[in-house]
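# Notes for the structure review
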Amino acid sequence: MVSTIHLLGVILTVALLLAVSWLSARKVNDAHSFTTGGNSGSWMVCGALLGTLAGGQSTIGTAQLAFCYGLSAWWFTIGAGLGALVLGLFYAGPLRRSPFTTLLEVVSHEYGHKAETVGSILFLIGIFISIMSQVLSSSAMIGSLFGISTLWASIIGAILIVLMVFFGGIRSAGAGGIVKLVLLYFSSLAAGIVVWHVAGGLTGLANSVDTVYQSPALAQFNGLTDVESIHQRYGSPFARGVFKDLGGCLSLILGVVCTQSYAQCIWSAATTRKARRGAILCAMFMPIIGAACTLVGIYMRGHYVTAEELASLQAAGETLPQGLGVIESSAQAFPAFILKHLPAWLGGLMLGTMLINILGCGSGLSLGAATILVRDVYGNFKRRMGMTSSPLSQLTQTRLSIVGILTAAVIATLLSHSTFINDLGFLSLGLRAVAILFPLSFALWCPGRYKPSRVLLSMPVGVAAMLLANFAALPGDAVYYGLAASLIMIVSRR
């Protein structure tokens with residue numbers, strides 16, 4: 001039950017982050033400082049990266065996946081951390097040596113404006129899908145906290161995302177990320193410690209999962225036939241299959257490398273060395289967050305059933321086993337844990353932290369999408385039309401683009417509110433990686449080697465192959481097929 005203390009904790013926590021964002025905004029005077037910052041230290045870079053990576057999927061999504069598949073849920077934050085590491089170690093130097101401020105400008109310089117235009121469209125679609133997942137997450141959180149409709153919860157979530165980044169740009173995301181880093185780690189560690197203590201460690205967690213599946217109807221509903229299958233699903237890091245889980249991890253790694261929002265964090269650093277240090281710090285922190293959320297999800301699995309599972313029990317003539325609670329869906333695993341198993345003051349802080357995690361991630365993604373829209377899409381349009389100036393400044397264009405993107409995201413969220421958050425995220429990351437990973441990497445490391453026409457064709461072909469593999473449910477992860485098709489198209493000599 002949401003109490004006044006819970007709500008007060010949420011409001012105060014969100015207000016703290018918005019205040020930090022507003023203070024950061026006073027240093028923004030032009031479009032360059034809005035989008036890239038320019039003199040951030042290692043912790044600011046880490047905060048900006050974490051502020052965008054540790055969103056609804058890293059917390060709510062990870063706990064949800066752990067509720068259903070156990071330890072394999074950890075791959076999301078492991079992949080995100082490895083992605084930050086690869087970005088810092090292998091891409092920070094080349095990106096910062098380039099004279100550009102978007103990834104697609106790098107591609108355009110090597111392969112022409114057509115490649116930039118195609119890449120921009122595919123890239124924006126990918127980022128927009130991720131923004132949808134953050135609006136969907138914020139809508140769920142706000143709706144459950146305040147008991148309002150999905151429409152108003154989505155609108156409020158979008159407005160809060162705009163407020164977080166509208167005035168401060170990348171500085172706002174970075175400063176807010178540092179505050180969130182402290183709050184998130186305090187909250188995650190507190191949740192992990194509580195679970196470990198209450199459950200009695202990994203053995204206790206495993207025993208509670210075994211107990212909940214003693215119900216034949218519940219086990220059958222989840223496709224589990226015996227104790228061995230239960231242990232395989234919840235105790236194995238590859239519960240969904242080695243190629244599937246590693247494919248998800250690969251999507252995270254490459255998606256981080258190929259996302260404008262994360263590249264802007266690298267460009268925001270004062271030096272390349274500070275950029276690398278910030279990325280490495282982020283790589284260290286992300287898996288710890290995931291571990292705590294995974295523990296929470298497994299704990300909730302051992303003590304709760306979903307409303308759908310309860311219906312299956314009743315249909316089979318069984319009653320709810322004594323000691324088990326009911327949650328609306330697996331997505332409610334983490335919020336329900338906070339509300340039911342933590343003191344109200346700590347629960348309020350954690351709910352507020354989770355909400356600003358989602359909002360911070362949405363703000364970073366929105367900033368990246370707006371930058372691409374203004375610099376790449378609109379910039380190319382002006383060049384084709386022979387326009388040399390615009391009635392609006394680039395800073396104003398970027399800010400208006402953010403408002404437009406969030407408005408569209410709210411509409412799309414309302415039309416797809418039943419979609420799984422993780423499905424949106426994996427689709428988004430895979431699409432971004434398939435679209436520009438090889439064009440970007442070859443432009444940075446081996447310029448002049450591949451034909452622009454082949455590179456241009458590789459973008460839509462790779463994305464089409466990935467989507468086809470996804471819809472056809474081919475073995476493994478769809479990202480493998482997309483990357484293979486893209487690479488073959490580029491290196492083909494025909």
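Below, the structure is looked at part by part. Computed from a prediction, not measured in an experiment: that's the story for all the values here.

## Details of the nonpolar core
One finds Ile131, Tyr213, Met300, Phe334, Phe337 and Leu406 to be the most contacted residues of the largest nonpolar core, which totals 146 residues. Of the residues forming this core, the biggest block, 15 residues, is contributed by helix α18 (residues 344-385).

## What about the packing of aromatic side chains?
Going through the model one piece at a time under the given rule, you end up with seven aromatic pairs. Seen in terms of ring centroids, tyrosine 91 and tryptophan 445 are 4.9 Å apart; in terms of plane orientation they differ by 40°. Their pairing is tilted. In this pair, tyrosine 91 is assigned in helix α5 (residues 75-97) and tryptophan 445 in helix α20 (residues 421-445), connecting sequence segments 354 residues apart. Taking the relative accessible area as the measure of exposure, tyrosine 91 reaches 5% and is therefore buried. By way of ring pairs, the aromatic residues Phe438, Phe442 and Tyr450 are connected into one cluster.

## Thoughts on the side chain of serine 401
Structurally, the position occupied by serine 401 is in helix α19 (residues 394-415). Looking at serine 401, the relative accessible area reads 13%, which means it is buried. Excluding anything up to four places from it in sequence, serine 401 contacts Ala370, Leu373 and Val374.

## Description of unusual backbone geometry
With phi around 55°, alanine 473 is a residue other than glycine that occupies positive phi space. The topology assignment puts alanine 473 in the loop between α21 (452-471) and α22 (478-491). Judged by relative accessible area, alanine 473 falls into the exposed class, the value being 64%.

## So, a nonpolar patch on the surface
A contiguous nonpolar patch, built from Ile11, Phe146, Ile148, Leu151, Trp152 and Ile156 and spanning about 550 Å² of accessible area, is present on the exposed surface. Considering each element in turn, the nonpolar patch owes the most residues, three residues, to helix α8 (residues 150-166). If you trace the backbone, phenylalanine 146 turns up in helix α7 (residues 113-146).

What counts, and at which threshold
- Residues numbered from 1 in each chain as written.
- Predicted model: local features only at pLDDT ≥ 70, side-chain atom pairs only at ≥ 80, totals over all residues.
- Heavy atoms only, no water.
- Core = buried A, V, L, I, M, F, W, Y, C linked by side-chain atoms within 4.5 Å.
- Buried < 20%, exposed > 50% of the residue type's maximum accessible area, 1.4 Å probe, protein only.
- Helix = DSSP H or I, 4+ residues; strand = E, 2+ residues; numbered from the N terminus.
- Phe/Tyr/Trp six-rings, centres within 6.5 Å; stacked < 30°, edge-to-face > 60°.
- Contact = heavy atoms within 4.5 Å.
- Patch = residues over 30% accessible without salt bridge, like charges linked within 9 Å, V, L, I, M, F, W, Y side chains within 5 Å.
- Areas by Shrake-Rupley, 256 points an atom, 1.4 Å probe, with all protein chains shown as cover.
- Salt bridge = Lys/Arg side-chain N within 4 Å of Asp/Glu carboxyl O.

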